[in-house]
Amino acid sequence: MNLLDQDRKYILPIYKRLPLEIVKAEGMILTDQEGKEYLDFYSGIAVHTLGHRNEKVLEAMRVQMENFLHLSNYFAAPSAVTLAKLLVENSFASKVFFANSGAEANEAMLKLARKYGRSIRKDKVKFVALEKGFHGRTYGAMNLTGTPAYREPFGEALEGITHVRINDVDGLRSAVDQNTCGIFFEVIQGEGGLREMEEPFALELKRLSEKFDALLLADEVQTGLYRTGTLFAYETLPLTPHAMTLAKGLGGGLPLGALLLSKKVEHVLRPGDHGSTFGGNPLACAAGAAVLEEILEKEFQEKLKVKMDLFLEKLKALQTRYPEVIKEIRGRGYMVGLDVGEASETIREEAMKRQLLLNITGGTVLRLLPALTMEKKEMDRFFLVMEEILSTWEGRYGSE
Ligand SMILES: Cc1ncc(COP(=O)(O)O)c(C=O)c1O
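As a convention, each chain's residues are numbered from 1 in the sequence order in which they are written. Restriction of local features to residues with pLDDT of at least 70 applies here, the model being predicted, together with a cutoff of 80 or more for giving and counting side-chain atom pairs; totals for whole chains, interfaces and linings are based on all residues. Hydrogens and water are ignored here; the side-chain numbers use all heavy atoms of the structure.

> What is the right way to read the site of the ligand from this model?
Note on terminology: near, applied to a residue and a molecule or strand, indicates that one of the residue's heavy atoms is within 4 Å of it. Lining the immediate surroundings of the ligand are 13 residues, of which G102, A103, D219, Q222 and K248 lie closest. One of the backbone nitrogen or oxygen atoms of A103 is found 2.8 Å away from an oxygen atom of the ligand. Computed with a 1.4 Å probe, the accessible areas rest on the Shrake-Rupley method; for each residue, only the protein chains presented here act as cover. Burial of the ligand by the protein amounts to 81% of the accessible area it has alone, namely 390 Å². Judged by its atoms lying within 2 Å of the grid points, the ligand is housed in the largest pocket. For helices the rule is a DSSP run of H or I covering at least 4 residues; for strands it is a run of E covering at least 2, with both sets numbered from the N terminus onward. At three residues, the largest contribution of residues to the shell around the ligand is made by helix α5 (residues 102-120). Just so you know the grouping, Ala, Val, Leu, Ile, Met, Phe, Trp, Tyr, Cys and Pro go in nonpolar, Asp, Glu, Lys and Arg go in charged, and all remaining residues, Gly too, go in polar. Of the residues belonging to the shell around the ligand, the class tally is three nonpolar, six polar and four charged. For the purposes of these results, a polar contact is taken to be a pair of N or O atoms within 3.5 Å, where, inside protein, one atom must be able to donate a hydrogen and its partner to accept one; residues adjacent in sequence count only when each atom of the pair is a side-chain atom. Whether a set of points on the 1 Å grid over the protein atoms alone is a cavity depends on a 1.4 Å probe fitting there but being unable to get out, while an open set qualifies as a pocket with protein on both sides within 12 Å along at least five of seven lines; lining residues are those with an atom within 4 Å of a point. Whether a molecule lies in a cavity or pocket depends on its atoms, and more than half of them have to be within 2 Å of the grid points.

> Can you walk me through the domain arrangement of the protein chain in this structure?
How big an interface is tends to be stated in terms of the accessible area lost upon association of its parts. The source of the domain bounds is an automatic or database domain assignment. Structurally, the protein chain comprises domain 1 (3-53 + 301-393) and domain 2 (55-295). The criterion used for residue contact is that any of the two residues' heavy atoms lie within 4.5 Å. Listed per partner, the contact involves 27 residues of domain 1 and 28 residues of domain 2. Here the quantity called buried area is the total loss of accessible area, with a 1.4 Å probe, experienced by two parts when brought into contact, counted for both. Roughly 2,300 Å² is buried in total at the junction of domain 1 and domain 2, and carbon and sulfur atoms are behind 55% of that figure. By the criterion of area lost to domain 2, the three top residues of domain 1 are L50, R332 and M335, representing 32% of everything that side buries. The working definition used for a salt bridge is a side-chain nitrogen of Lys or Arg within 4 Å of a carboxyl oxygen of Asp or Glu. The interface formed by domain 1 and domain 2 contains two salt bridges. Its salt-bridge partner being R367, residue E191 comes within 2.9 Å of it at the nearest N-O pair. Where the side of domain 1 that touches domain 2 is concerned, the elements lending two or more residues are α2 (43-46), α11 (298-321), β13 (328-332), β14 (335-339) and β17 (365-368).

> So what exactly am I meant to see when it comes to the pattern of salt bridges here?
Any two side chains of opposite charge can pair, given that their charged atoms come close. One pass over the structure, following the stated rule, counts 33 salt bridges. A salt bridge links R207 to E204; its shortest N-O distance comes to 2.8 Å. You can see R207 and its partner E204 sitting in helix α9 (residues 199-212), three residues apart, about one turn around the helix. Three labels apply to residues, based on accessible area from a 1.4 Å probe with only protein chains included: buried if under 20% of the type maximum, exposed if over 50%, partly exposed otherwise in between. When its relative accessible area of 38% is taken as the criterion, R207 is described as partly exposed. On the basis of relative accessibility, which here comes to 7%, the residue E204 falls in the buried class. Three or more residues joined by partner-sharing salt bridges are found here, namely D170, R173, E204 and R207.

> What am I meant to see in the nonpolar core here?
Note on soluble globular proteins: their nonpolar side chains tend to be buried together. Remark: nonpolar core denotes a set of buried residues (Ala, Val, Leu, Ile, Met, Phe, Trp, Tyr, Cys) joined through side-chain atoms within 4.5 Å. Of all hydrophobic cores here, the largest spans 96 residues; its most connected members are F41, F311, I347, L358 and F382. In terms of residue count, the dominant contributor to this core is helix α10 (residues 282-295) (nine residues). Mapping this core onto the domain boundaries places at least three of its residues in each of domain 1 (3-53 + 301-393) and domain 2 (55-295). When near neighbours in sequence (up to four residues on either side) are disregarded, F41 contacts M28, F311, L356, L357, L358, R367, L368, L369, P370, M374 and F382. Ranked by size, the runner-up nonpolar core spans 19 residues in total, among them M109, L110, I161 and A243.

> So what exactly am I meant to see when it comes to the sheet that holds strand β1 (residues 22-26) here?
Within a sheet, each strand pairs with its neighbour through backbone hydrogen bonds, oriented either parallel or antiparallel. Read across the open sheet, the four strands follow the order β1-β2-β3-β15; overall the sheet is mixed. The sheet is open, and its two borders are formed by β1 and β15 (356-357), each paired with just one other strand. One bridge is not enough; two strands pair if DSSP finds at least two bridges between them. Bridging between strand β3 (residues 37-40) and β15 involves two bridges; their strand directions are parallel. From the neighbouring strand, D40 faces β15, where its bridge partner is L357.

> How do you make sense of the sheet that holds strand β10 (residues 215-219) when you look at a structure like this?
Sheet architecture is open: seven strands sit in the order β4-β12-β11-β10-β7-β5-β6, paired in mixed fashion. Here the strands that pair on one side only, and so sit at the sheet edges, are β4 (95-99) and β6 (161-164). Averaged over all adjacent pairs, the angle separating strand axes in this sheet is 20 degrees, with direction ignored. Relative to β10, strand β7 (residues 180-185) is paired through four bridges, and the arrangement is parallel. Looking at the pairing, G182 lines up with L215 of β10. Strand contacts of helix α4 (residues 78-89): β4, β11 (243-246) and β12 (257-261), with the helix running at about 130 degrees to β4, the strand carrying the most contacts. Interaxial angles span 0 to 180 degrees and are taken between N-to-C directions of axes, which are lines fitted to C-alpha atoms, for helices over the stretch in contact.

> Where do I start with the environment of E196 in this structure?
As for its placement among the helices and strands, E196 is situated in strand β9 (residues 195-196). Residue E196 is classed as partly exposed on the basis of its relative accessible area of 27%. Spatially, the C-alpha atom of E196 lies 31 Å from that of V57, the residues being 139 residues apart in sequence. When neighbours within four sequence positions are excluded, E196 is seen to be in contact with I166, N167, V187, I188, G331 and R332. At a separation of 2.7 Å, a polar atom in the side chain of E196 contacts the side chain of R332.

> Looking at this structure, how should I read α11?
Between the first and last C-alpha of α11 there are 35 Å, a value that for 24 residues agrees with the 34 Å anticipated at 1.5 Å per step. Elements in contact with the buried residues of α11: α10, β13, β14, β17 and α13 (376-391). For a helix, the expected span equals 1.5 Å multiplied by the residue count minus one.

> Sorry, what's going on with the layout of surface pockets here?
Where empty space is left can be seen by rolling a probe of water-molecule size over the atoms. In this structure, the largest pocket spans a volume of roughly 1,800 Å³. Those elements that provide at least two residues to the lining of the largest pocket are α1 (3-10), α2, α5, α12 (344-353) and β16 (359-361). Among the elements that take part in the lining of the largest pocket, α12 stands out by supplying four residues, more than any other. A class-by-class count of the residues in the lining of the largest pocket yields 23 nonpolar, 13 polar and 13 charged. Both domain 1 (3-53 + 301-393) and domain 2 (55-295) contribute no fewer than three residues apiece to the lining of the largest pocket. When its volume is computed, the second largest pocket comes out at roughly 750 Å³. Grid points are joined across faces, edges and corners, and a volume is the space filled by probe spheres set on the points.

Below, the structure is given as structure tokens:
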């Protein structure tokens, strides 16, 4: 039996697998068992910020493995302190809580906001979140998630959550009131088709948050850590969150999530209120600290900005040549969606035949999440393959 057959036999089949057996990953290249090399635009779904098996990350892990792997949260771990210090010194936060995943970090943020609300008034426990937002698969995070199909199979909803459309200022105004303890949002909706929050909506968020003392809760699990061209995506908006979650790229390929807390809320969760056995695992934190140290380098950021500008410029040129296929470019930096309508599956298949791996989100959007370390020749290869597919589009598949 090959790997995929065994996978189907033994692992709960809830994921759509690609028909590939990958045996090695390096930078942006995945190699299958026949030695065929694929250019990876998944990056482990925005996990491999510095590409697969980045040497600095591996070295930090080796050093940590020589010392210890897990001690439990009865012990302070130097790598966790280093990573938390980097996060605090480079954000609005004054404290960090470490979890193992994005969903878990969001659960912590949910508990934080409810406890904050209850400290003001017993029934100040309601949330506003965004339609098409995605916050994870645990019960609380799932209920905050704005796609009903993810929630409905599981029966009764968690009470007091209202979803409003991103950028619907009036909808937001009518949803937030004095019993709202927090507003969950993504600045760019990663799973929801790369929709981006606009300034008038952000200004209204800020105003309502101040008026009703509702916490601004940013989920930067996917957008954080320079993926969108700034360390955190909210930095381009006229608001500062009271709390924010990170995960995905944070652990350098290992499971790690974080809740960053501002001074206003750093005293809300007390000993006994929350915790995790593995949260802040020393190995994951060592890997994460290596990632942070790299992406915080000025030179890294300057180079990245040039590459991201070039990427967008080339995407726009591609859209200008093929407007009938590429209907819209959404997102920012290296978190970009190409809305190609019903062509998405075919383009993905054609790209795979040409050894380019593309992800789809929201059914119609090609989600491009290259490593921040993408080299010029890798970017060129992406555009070459796209050009090859799109230039023969009408002739080979008929127009839509
Ligand atoms: C914005 C956002 N929040 C939360 C999550 C959940 O993270 P995890 O899968 O690590 O639980 C995701 C995952 O895709 C995400 O994109």
